[in-house]
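# Coordinates in review
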Amino acid sequence: MKQVHWVKIPTRVLDKTIWKKSVDDNRVQELIDKTELEAMFAVKQIASKDPDKEQEGIGKKKKIVQLLSQQRAQSIGLLLSLLKMSAPALKDAILQLDIEQLKPNFLIELLRILPTDQEVAALKSYTGPKEELGVAEQFLIELLTIQRLKTRLQCFLFMIEFNARLHDLSANVEC
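What comes next is a walk through the structure. Within every chain, residues take consecutive numbers counted from 1 along the sequence as written. For a predicted model such as this one, the threshold for reporting local features is a pLDDT of at least 70, and the threshold for listing and counting side-chain atom pairs is 80 or more; totals across whole chains, interfaces and linings nevertheless cover every residue. Only hydrogens and water are removed before side-chain values are computed, so all heavy atoms of the structure are retained for them.

Bringing the overall build of the protein into the picture now. Each helix corresponds to a stretch of at least 4 residues labelled H or I by DSSP, and each strand to a stretch of at least 2 residues labelled E; elements are numbered beginning at the N terminus. From N to C terminus, the protein includes 10 helices and zero strands. Throughout, exposure labels follow a simple rule: accessible area from a 1.4 Å probe, protein chains only, divided by the maximum for the residue type, with under 20% read as buried, over 50% as exposed, and the rest as partly exposed. For the protein, with 175 residues in total, the buried portion stands at 22%. Surface accessibility in these figures is a Shrake-Rupley result with a 1.4 Å probe; residues are shielded only by whichever protein chains are displayed. For the protein, the exposed surface amounts to about 14,400 Å²; the carbon and sulfur share of it is 55%.

Shown next, in the form of structure tokens:
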């Protein structure tokens with residue numbers, strides 16, 4: 001049965017309700033159809049085709065393979081949540097040097113989370129299905145498909161910041 005939440009009626013107001021007026025409890029039970037109430041408020045159960053498989057599936061969770069440390073995966077996940085962009089879309093933005101989607105602050109953070117040599121070796125040696133990997137691992141595997149990623153990101157960051165740097169330096173130079 002579903003729970004019904006109600007507000008308790010103060011006793012001073014009870015005289016003005018139908019509950020005070022009803023003299024006989026049997027009469028109230030005759031007016032209220034208990035089976036109809038149960039049908040309206042009962043929790044509906046979903047019928048399964050094979051109850052044995054359903055019981056097995058309850059205890060099982062999807063197995064996630066983690067190749068990175070928990071802290072590292074969490075920091076990458078946080079960066080991904082701020083980006084709000086899929087890994088393939090990010091890859092396309094990097095390859096196309098899309099200034100609208102990739103801001104300098106994000107590029108700096110992306111350079112910070114690039115995989116180390118050990119992580120690259122672990123990610124490249126993984127032969128299982130990609131769906132079993134964690135979100136951070138899937139993201140890094142997608143980034144590893146970009147050739148010379150670190151150099152590309154550094155050049156892209158320099159390209160974005162060049163005009164601001166030039167302006168700052170030109171103010172200090174006397175002609």
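Past the structure itself, the notes keep going.
Further remarks concern the nonpolar core. In this description, a nonpolar core means a group of buried Ala, Val, Leu, Ile, Met, Phe, Trp, Tyr and Cys residues linked to one another through side-chain atoms lying within 4.5 Å. Core analysis: the biggest nonpolar cluster contains 31 residues, and Ile76, Leu90, Ile94, Leu102, Leu110, Phe139 and Leu143 have the highest contact counts within it. Non-local contacts of Ile94, meaning those with residues more than four positions away in its chain, are made with Leu102, Leu110, Leu143, Ile146, Leu149, Arg152 and Leu153. By the convention used here, residues are in contact when the closest approach between their heavy atoms is within 4.5 Å.

Next up on the list: the pattern of salt bridges. The term salt bridge refers to a pairing of a side-chain nitrogen on Lys or Arg with a carboxyl oxygen on Asp or Glu at a separation within 4 Å. Scanning the entire structure with this criterion turns up three salt bridges. One salt bridge connects Glu119 with Arg72, and the closest N-O pair in it is separated by 2.8 Å. Taken as a pair, Glu119 in helix H8 (residues 117–125) and Arg72 in helix H5 (residues 70–83) lie far apart in primary sequence, 47 residues in all. Per residue, the accessibility class of Glu119 equals that of Arg72, and both read buried.

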